[in-house]
Amino acid sequence: MKKIIGHFVTITKHRHLVIKHCKKAGVLWQGLRHDLSKYSPTEFLPGIKYYTGQRSPNEGERAENGYSLAWIHHKGRNKHHFEYWTDYNPVSKLVEPVEMPIKYVAEMFCDRVAAGKIYNGDKYTDDSPLEYFMKAKHRRVIHPKTSDLLESLLVMLKDYGEDYTFEYLRRLVKKNKQNNKDNVKK
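Residues numbered from 1 in each chain as written. Predicted model: local features only at pLDDT ≥ 70, side-chain atom pairs only at ≥ 80, totals over all residues. Heavy atoms only, no water.

Participant: Explain the side chain of histidine 21 to me, and be specific about the residues and the numbers.
Facilitator: Examined against the element boundaries, histidine 21 turns out to sit in helix α1 (residues 2-25). Excluding residues within four positions of it along the chain, histidine 21 makes contact with Cys110, Val113, Ala114, Lys117, Glu162 and Phe166. (Helix = DSSP H or I, 4+ residues; strand = E, 2+ residues; numbered from the N terminus. Contact = heavy atoms within 4.5 Å.)

In C-alpha cells, the structure reads:
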C-alpha cells in the first residue's frame, strides 16, 4: 500500500506542478492534459512495482527487463517528449529525430523544471534542470534545433530565473501561434 500511495502522490504532485508551469508558459491546456497516461494500468502498475521515491520507476523496470514497457507506452502518447518526435526519413532510410513544435518544447521545459523540483526537493536550484540535461546531451537522439532551444531555455532559467524565463517562453509560444495563424491565411 505504501508504494501505491507513494507513486500516486509523486506523479500527481509532479503533474500539478507542470500544470502551474504550463499556465505561466502560455500552454495551460497542455498542462491540464499532461501525463494522464501515467494513470493508465500500462504505466501505473509498473510505476507501483518499481517505485522507490528516489528515481523514475522506468529505470527499475529497465534494470530488471532490459527495457521499460511503461516508458514505451508513455513516450508514444505524450508529445512533450522528444522521443515521440522521430520518423522514417525516406531519403536516408533511417528513423531520425524531427523538430518539435514550440508548444511541445514549452511543455517539455515545464516538465523538466517540475521533475527537478520533485526529485531534488530542497536541493533544487535553477541550475538543476540544465545539469540534468547536460549529463546525457552527447547521447540524446533529438533534433538539433529542438535541443538548442531547450538548452537555451534551461540556460536562461539558470541565469535569469523562473519569472524571466516563463515570460520569455509565454511570448515565444504566443508569437509562434500567431505565425502559424498567419501562414494558414496565406
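Participant: Summarise unusual backbone geometry; cite the residues concerned and give the values.
Facilitator: The backbone of aspartate 35 sits at a positive phi, close to 55°, despite the residue not being glycine. Inspection of the secondary structure assignment puts aspartate 35 in the loop between α2 (28-33) and α3 (41-49). A positive phi angle, near 65°, is found at lysine 93, a position not held by glycine. Structurally, the position occupied by lysine 93 is in the loop between β1 (86-89) and β2 (94-97).

Participant: Break down the packing of aromatic side chains for me, citing the residues and quoting the values.
Facilitator: What the rule picks out here adds up to five aromatic pairs. Look at phenylalanine 8 and tyrosine 39: their rings are 6.0 Å apart centre to centre, the planes differ by 70°, and that puts the pair in the edge-to-face class. With phenylalanine 8 in helix α1 and tyrosine 39 in the loop between α2 and α3, the pair connects residues that are 31 residues apart, well separated along the chain. Using a relative accessible area of 29% as the deciding quantity, one classes tyrosine 39 as partly exposed. A cation sits over an aromatic face here: arginine 140 above phenylalanine 133, 4.1 Å from the ring centre. (Phe/Tyr/Trp six-rings, centres within 6.5 Å; stacked < 30°, edge-to-face > 60°. Buried < 20%, exposed > 50% of the residue type's maximum accessible area, 1.4 Å probe, protein only. Lys NZ or Arg CZ within 6 Å of the ring centre and 35° of its normal.)

Participant: Any details on the pattern of salt bridges? Residues and values, ideally.
Facilitator: Evaluation of the coordinates by the stated rule reveals seven salt bridges. In this structure, the salt-bridge partner of lysine 38 is aspartate 35, at a minimum N-O distance of 3.4 Å. Its salt-bridge partner being lysine 117, residue glutamate 162 comes within 2.4 Å of it at the nearest N-O pair. Residue glutamate 162 is found in helix α9 (residues 162-185), and its partner lysine 117 is found in helix α6 (residues 102-120); the two are separated by 45 residues along the sequence. (Salt bridge = Lys/Arg side-chain N within 4 Å of Asp/Glu carboxyl O.)

Participant: I'd like a description of the pairing of β2, backed by residues and values.
Facilitator: Relative to β2, β1 is paired through four bridges, and the arrangement is antiparallel. Its bridge partner being in β2, tyrosine 88 is matched across the sheet by valine 95. Linking β1 to β2, which pair antiparallel, is a turn of four residues; within it lysine 93 sits at a positive phi near 65°. (Pairing = 2+ DSSP bridges.)

Participant: Run through a positive patch on the surface, naming residues and quoting values.
Facilitator: Together, Arg33, Lys79, Lys103 and Lys177 give the surface a local cluster of positive charge. Along the polypeptide, lysine 177 turns up in helix α9. Residue classification places lysine 177 among the partly exposed residues on the basis of a relative accessible area of 46%. (Patch = residues over 30% accessible without salt bridge, like charges linked within 9 Å, V, L, I, M, F, W, Y side chains within 5 Å. Areas by Shrake-Rupley, 256 points an atom, 1.4 Å probe, with all protein chains shown as cover. Lys, Arg positive; Asp, Glu negative; His and termini not counted. Charge placed at Lys NZ, Arg CZ, Asp CG, Glu CD.)

Participant: I'd like a rundown of the packing of α6 against helix α8 (residues 144-160), residues and numbers included.
Facilitator: Look at α6 against α8: their axes get within 10 Å of each other, and the N-to-C directions meet at 45°. In this view, α6 runs oblique relative to α8, as classed from their interaxial angle. In this structure, α6 meets α8 at a crossing whose hand is right-handed. Listed contacts from α8 to Ile102, Val105, Met108, Phe109, Arg112 and Val113 of α6 are Thr146, Leu149, Leu150, Leu153, Leu154 and Leu157. Looking at the contact of α6 with α8 residue by residue, the classes come out as ten nonpolar, one polar and one charged. (Axes fitted to C-alpha atoms, helices over the stretch in contact; angles between N-to-C directions. Parallel < 35°, antiparallel > 145°, perpendicular 65-115°, else oblique. Left-handed = near helix turned anticlockwise from the far one by under 90°. Nonpolar A, V, L, I, M, F, W, Y, C, P; charged D, E, K, R; others polar.)

Participant: Hey, could you go over helix α4 (residues 57-65) for me, with residue numbers and the actual values?
Facilitator: Listing the buried residues of α4 in full gives Pro57, Asn58, Gly60 and Glu61. Across the axial projection of α4, the buried residues extend over an arc of 160°, all falling on one side. Once α4 ends, the next one or two residues include glycine 66, with phi positive near 90°. (Arc of directions from axis to C-beta.)

The analysis is restricted to geometry; functional conclusions fall outside its scope.
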